Amino acid sequence: MEPDLVPPAPKIDGEAMLEVFVDRSIEYPTVFNNDSTIYGGRQRLAALGGRVLEAVYTDVLFCKRPMLGADVLDASPTSEAIEAVTTWVSHYGWVDKVRRLLSIDFGSPKEIRGLFNSYVGAVYAGEGYEAVRTWIECLVNLQAQQSDHSKLSQELEYARVKMETVMGLTQWEPAPVQMRPSPPPRPTSAPPPLPPTSLPPSPPPPPTSIPPPLPPPPTSIPPPLPPPPTSAPAQPGLLALFHQTAAQRHLEISYIPQFSGPAHAGKWTMTCIVNGVEKGRGVATSKQLAKEEAARQAHHAMGWPTPCE
């Protein structure tokens, strides 16, 4: 395992650090009195951590994909986990952090496993199961990746050694070089002349006959356009001028609309009433145009000047 890839261990409080990294070989009765500590000593944390580690390790294997068989889950994880725990403790450098007497050998697998279990127990007691599971899952996945890479390297090395062995035992002889046949000698006599090329037939002469003339344009004159309507359209702005003049003279203006004919081609008839007297009537295809025409007639009937006059 590469040290840069090892996930950091979860943090534990100062009391747990004292329990985990101080060995009982250092006689401090006030420290190792189980009644005076929160966790009751490193042995209690190691016992708790051992059970938690076994449960977490089985849980991580259960969630692996592709699924592992029941025989793998039922097997005791100690054989594989002990080697992994030794590797993890070595990368964390925890053995050098344990305060102990120089005469105490702390490199045995039992001591290393107890150190790791006590740390797991402290994490479980302080942070809970999920914190332990997340940490151990990262370690197990990293261990599996390194193991797969190591197996692949061993297989490649085995294949390389086997190939070199086979090549060393076999007498490899160079393949015979096949000589290419020499090309035939070039002829010394000049090649026979090529046959004369025949010219393509000449194109036929253009026709001498003159094409017939184009027909003359028609002499008939198109019919004249229909004359414009005799009724003069209403002048723009006359409707507003008519209503303004009537308002200045205190006259009451009203309109009576009437529609006749089919819905798609009918006509509107608007009657303009000035103080109760009909003064103009407009007929158009739209209601607005009929209203403007009625106002124009009423304006002229009242004798009021238009803007052009």
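Because the structure is a prediction, the values reported are computed rather than measured.

Thresholds applied
Residues numbered from 1 in each chain as written. Predicted model: local features only at pLDDT ≥ 70, side-chain atom pairs only at ≥ 80, totals over all residues. Heavy atoms only, no water. Axes fitted to C-alpha atoms, helices over the stretch in contact; angles between N-to-C directions. Helix = DSSP H or I, 4+ residues; strand = E, 2+ residues; numbered from the N terminus. Parallel < 35°, antiparallel > 145°, perpendicular 65-115°, else oblique. Left-handed = near helix turned anticlockwise from the far one by under 90°. Contact = heavy atoms within 4.5 Å. Nonpolar A, V, L, I, M, F, W, Y, C, P; charged D, E, K, R; others polar. Pairing = 2+ DSSP bridges. Buried < 20%, exposed > 50% of the residue type's maximum accessible area, 1.4 Å probe, protein only. Arc of directions from axis to C-beta. pLDDT = per-residue confidence, 0-100. Core = buried A, V, L, I, M, F, W, Y, C linked by side-chain atoms within 4.5 Å. Phe/Tyr/Trp six-rings, centres within 6.5 Å; stacked < 30°, edge-to-face > 60°. Lys NZ or Arg CZ within 6 Å of the ring centre and 35° of its normal. Polar contact = N/O pair within 3.5 Å; in protein donor to acceptor, adjacent residues only side chain to side chain.

Novice: Break down the packing of helix α1 (residues 14-21) against helix α6 (residues 109-127) for me, with residues and values.
Specialist: For the pair α1 and α6, interaxial distance at closest approach is 9 Å and the crossing angle is 165 degrees. The angle between the axes of α1 and α6 places the two elements in the roughly antiparallel class. For the element pair α1 and α6, the recorded crossing hand is right-handed. Mapping the contact onto sequence places A16, V20 and F21 in α1 and L115, S118, Y119 and A122 in α6. Each residue belonging to the contact of α1 with α6 can be placed in one class, and the counts come to six nonpolar, one polar and no charged.

Novice: So what about the pairing of strand β3 (residues 277-284)? Which residues, and what values?
Specialist: Across seven bridges, strand β2 (residues 267-274) lies against β3 in antiparallel orientation. Residue pairing for β3: W268 is matched across the bridge by A284. Connecting β2 to the next strand, β3, in antiparallel fashion are two residues, including N275 with a positive phi near 50 degrees.

Novice: Provide a residue-level description of helix α8 (residues 238-248), including the pertinent values.
Specialist: For α8, the full list of buried residues reads L238, L239, F242, T245 and A246. Relative to the axis of α8, the buried residues are bounded by an arc of 130 degrees and lie together on one face. For α8, the exposed residues lying more than 90 degrees away from the buried face are A240, A247 and Q248. Following α8 by one or two positions, H250 has its phi on the positive side, about 60 degrees.

Novice: Now, about the confidence of the model for the chain: what can you tell me, with residues and values included?
Specialist: For the chain, per-residue confidence averages 78 on the pLDDT scale, and 64% of positions sit at 70 or higher. Ignoring residues within four places in sequence, the model shows residues 227-232, a span with pLDDT below 50, making two contacts including any to other chains.

Novice: I'd like a rundown of the pairing of strand β1 (residues 253-260), residues and numbers included.
Specialist: Here eight bridges tie β1 to β2, and the two strands are oriented antiparallel to one another. Each bridged residue has a counterpart across the sheet, and for I253 the counterpart in β2 is V274. Hairpin remark: β1 followed by β2, antiparallel, with six residues in the connecting loop; positive phi at G261, about 95 degrees.

Novice: Tell me about the nonpolar core, residues and numbers included.
Specialist: Across soluble globular proteins, nonpolar side chains have a tendency to be buried as a group. In this structure, W94, F116, W135 and I136 are the most contacted members of the largest nonpolar core, which totals 34 residues. Where this core is concerned, the elements lending two or more residues are α1, α3 (42-62), α5 (78-92), α6 and α7 (129-169). Ignoring sequence-local partners within four residues, the contact set of W94 consists of A9, F21, V89, L115, F116, Y119 and W135. In terms of nonpolar packing, the next biggest core, distinct from the first, is built from 13 residues, L239, Y255, M270 and A298 among them.

Novice: Which residues make up the packing of aromatic side chains, and what are the values?
Specialist: Considering all chains together, one arrives at 12 aromatic pairs under this definition. Here W88 and F116 contribute two aromatic rings whose centre-to-centre distance is 5.6 Å and whose plane-to-plane angle is 45 degrees, an arrangement assigned as tilted. Here F116 lies in helix α6 and W88 lies in helix α5, a separation of 28 residues in the sequence. As far as the burial class goes, W88 and F116 line up, both buried. Put simply, the rings of F21, W88, Y92, W94, F116, Y119 and W135 pair up and form one aromatic cluster. Just above the ring of Y255 sits the side chain of K291; from NZ or CZ to the centre is 4.9 Å.

Novice: Any details on the side chain of E19? Residues and values, ideally.
Specialist: Mapped onto the fold, E19 is located in helix α1. There is a polar contact of 3.5 Å between the side chain of E19 and the backbone nitrogen of G41. Once residues lying within four places of it in the same chain are set aside, the contact partners of E19 are T37, Y39, G40, G41, R42 and L45.

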